[in-house]
Amino acid sequence: MDANNLKYYLLLQSIEGIGPATFQNLLENYKNPKAVFEATFDELEKIPRLNQRIINEILRAKDKLDEMEKILQQLYNRNIKVITKHDKSYPFVLNKISNAPSLLYLSRYLPNGKTFGIIGTRDASQYGKEQAYKFASELARNGFIIVSGYAKGIDTAAHHGAVDNNQLTIAVLPTGILKFRLHEELKQSADKFSSQAILLSEFFPLSEWSLANALLRNRITAMLSDYLLVIEAADSGGTLSTVEYATQYNKKVFILKGINSIMNEKINSLGAVTINNISELLNQLDR
């Protein structure tokens, strides 16, 4: 898609309160994002999910077109791919999500291959991080692309295990892609991470971290994973939400035995299979 059209996609996405469902709703009512900004207040008022504040933001937004062009230039300078739901390169699997992202930002296109999601808490124990690294390493050596949500703790350890074993890893960001920063734990493997990691974000490129973004990101992590492994769940619901998405999408979920959390019982009740080691895990896979 040419830059002139893309800047209107970015402009629409930049408006606070327009998430994936509202974005898609607008595109279904107008042939393209540019047409949204040519609509009148009365026309926009008829669109479901739009309140007066969002409508006023849409009507004022054209003043930010120059800013969108600058952001697009930054993306191109970093060789970041910007794809829409209508592009051939859009991951087919994500179309199965009811509120699939209308835009994706990628450091490179997603490869073909079996994927394994490894997830857990940001506030992981040292043992949990060691296990995440170990399982990611073993799964990478068995040819899996490791998927995780690029949070500190379990996610970072999983990405680290993948790149240290020369396998690709998909980091599903909870921020805009231009806000990506390398975690301290990965700096010793910075070159490998740069060459082996695929950064993916559905958020406006300058979006900061938020709880809403982190929870929304979880459905992408779940859908991109052929299998999902919980290493260490916290008492909060982030890990649980990814498991709920995975079971909704009929993905097989595993949980490592030995790290207790009040969430474990709930995760097990959703159908997660408890495993003790990598051999048990590999024996459970449909390969």
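Small disclaimer: the values here were computed from a predicted structure and weren't measured.

Peer 1: Got a minute to help me understand the overall build of the protein in this structure?
Peer 2: Helix and strand content of the protein: 13 helices and nine strands. Relative to its length of 287 residues, the protein is compact, with a C-alpha radius of gyration of 20 Å against a globular reference of 19 Å. If one aligns the C-alpha atoms of the protein with their principal axes, the spans along those axes are about 60 × 40 × 35 Å. Across the 287 residues of the protein, 55% fall into the buried class. Look at the contacts in the protein between residues 6 or more apart in sequence, and 72% of them connect residues 24 or more apart. For the protein, the computed accessible surface area is about 13300 Å², with 44% contributed by carbon and sulfur atoms. Side chains of the protein carry 33 positive and 30 negative charges; the gap between the two charge centres is 4 Å.

Peer 1: Even after reading the chapter, I still don't get the nonpolar core, so can you show me in this structure?
Peer 2: Soluble globular proteins tend to bury their nonpolar side chains together. Ranked by size, the top nonpolar core spans 43 residues in total, and within it L10, I58 and L75 carry the most contacts. Listing elements by their share of this core, those giving two or more residues are α1 (3–13), α2 (20–29), α3 (33–37), α5 (52–60), α6 (65–77), β2 (103–106) and β6 (197–201). Residue contributions to this core peak at six residues, all from α1. Formed by 31 residues, the second largest nonpolar core is a distinct cluster that contains V147, L168, V230 and A233.

Peer 1: Explanation requested: the pattern of salt bridges in the structure shown.
Peer 2: Pairing between side chains of opposite charge can happen when their charged atoms approach one another. The full count for this structure, using the stated rule, is six salt bridges. The salt bridge involving R60 is made with E57; its shortest N-O contact spans 3.0 Å. Placement of both R60 and E57 in helix α5 is noted, with a separation of three residues, approximately one turn of the helix. Residues K179 and E208 are paired through a salt bridge, measuring 3.2 Å at the closest nitrogen-oxygen approach. Of this pair, K179 sits in the loop between β5 (169–172) and α9 (190–196) while E208 is found in the loop between β6 and α10 (211–224), placing the two residues 29 residues apart along the sequence.

Peer 1: It is not clear to me how the packing of helix α7 (residues 126–141) against helix α8 (residues 154–164) should be interpreted in this structure. Could you clarify?
Peer 2: A pair of packed helices can be characterised by two numbers: the angle between their axes and the separation between those axes. The N-to-C vectors of α7 and α8 enclose an angle of 35°; their axes lie 7 Å apart at closest approach. Between α7 and α8 lies a crossing whose hand is right-handed. The segment α7 lies against α8, with G128, K129, A132, Y133, A136, S137 and A140 engaging I154, A157, A158, H160, G161, A162 and D164.

Peer 1: Looking at this model, I keep getting lost on α8. Mind explaining?
Peer 2: Helical geometry note: an α-helix holds 3.6 residues per turn, so side chains three or four residues apart project in the same direction. Along α8, ten of the eleven residues are buried, which leaves the element largely enclosed by surrounding structure. Lining the buried residues of α8 we find β3 (115–120), α7, β4 (145–148), β5, α9 and β7 (227–232). Phi for N166, located one or two positions after α8, is positive at around 60°.

Peer 1: Can you walk me through the side chain of S14 in this structure?
Peer 2: Topologically, S14 is positioned in the loop between α1 and α2. Exposure remark for S14: the relative accessible area of 19% places this residue in the buried category. A polar atom in the side chain of S14 sits 2.6 Å from the backbone oxygen of L11. Side chain to side chain, S14 and K64 meet in a polar contact 3.3 Å long. Those residues in contact with S14, other than ones at most four positions away along the chain, are K64, M68 and F204.

Peer 1: Please clarify how the environment of K70 should be interpreted in this entry.
Peer 2: Relative to the assigned elements, K70 resides in helix α6. The exposure class assigned to K70 is exposed, which follows from its relative accessible area of 59%. The spacing of K70 and K7 is 63 residues in sequence and 9.4 Å in space, taken between C-alpha atoms.

Peer 1: It is not clear to me how the pairing of β2 should be interpreted in this structure. Could you clarify?
Peer 2: Here is the key point about a regular strand: its side chains alternate between the two faces of the sheet. Burial along β2 is two-sided: the residues L103 and Y105 and L104 and L106 are all buried. Strand direction decides the pairing type here: β2 and β6, joined by two bridges, are antiparallel. Each residue of the ladder has a partner; that of Y105, found in β6, is S201.

Peer 1: Could you clarify how one ought to interpret the packing of aromatic side chains in this entry?
Peer 2: Two aromatic rings, taken as a pair, are described by how far apart their centres are and by the angle between their planes. Taken as a whole and judged by the stated rule, the model has ten aromatic pairs. When the ring of Y150 is compared with that of F180, the centres are 5.1 Å apart and the planes differ by 40°; the resulting orientation is tilted. Separated by 30 residues along the polypeptide, Y150 in the loop between β4 and α8 and F180 in the loop between β5 and α9 bring together distant segments of the chain. For the pair F180 and F193, a centre-to-centre distance of 6.1 Å together with 5° between the ring planes defines the contact as stacked. One end of the pair, F180, is in the loop between β5 and α9; the other, F193, is in helix α9, with 13 residues separating them in the sequence. Through a chain of ring-to-ring contacts, three or more aromatic side chains come together here, namely F116, F144, Y227 and F254.

Criteria and cut-off values
- Residues numbered from 1 in each chain as written.
- Predicted model: local features only at pLDDT ≥ 70, side-chain atom pairs only at ≥ 80, totals over all residues.
- Heavy atoms only, no water.
- Helix = DSSP H or I, 4+ residues; strand = E, 2+ residues; numbered from the N terminus.
- Rg over C-alpha atoms; globule rule 2.2 N^0.38 Å.
- Buried < 20%, exposed > 50% of the residue type's maximum accessible area, 1.4 Å probe, protein only.
- Contact = heavy atoms within 4.5 Å.
- Areas by Shrake-Rupley, 256 points an atom, 1.4 Å probe, with all protein chains shown as cover.
- Lys, Arg positive; Asp, Glu negative; His and termini not counted.
- Charge placed at Lys NZ, Arg CZ, Asp CG, Glu CD.
- Core = buried A, V, L, I, M, F, W, Y, C linked by side-chain atoms within 4.5 Å.
- Salt bridge = Lys/Arg side-chain N within 4 Å of Asp/Glu carboxyl O.
- Axes fitted to C-alpha atoms, helices over the stretch in contact; angles between N-to-C directions.
- Left-handed = near helix turned anticlockwise from the far one by under 90°.
- Polar contact = N/O pair within 3.5 Å; in protein donor to acceptor, adjacent residues only side chain to side chain.
- Pairing = 2+ DSSP bridges.
- Phe/Tyr/Trp six-rings, centres within 6.5 Å; stacked < 30°, edge-to-face > 60°.

These figures come from the coordinates and say nothing about function on their own.
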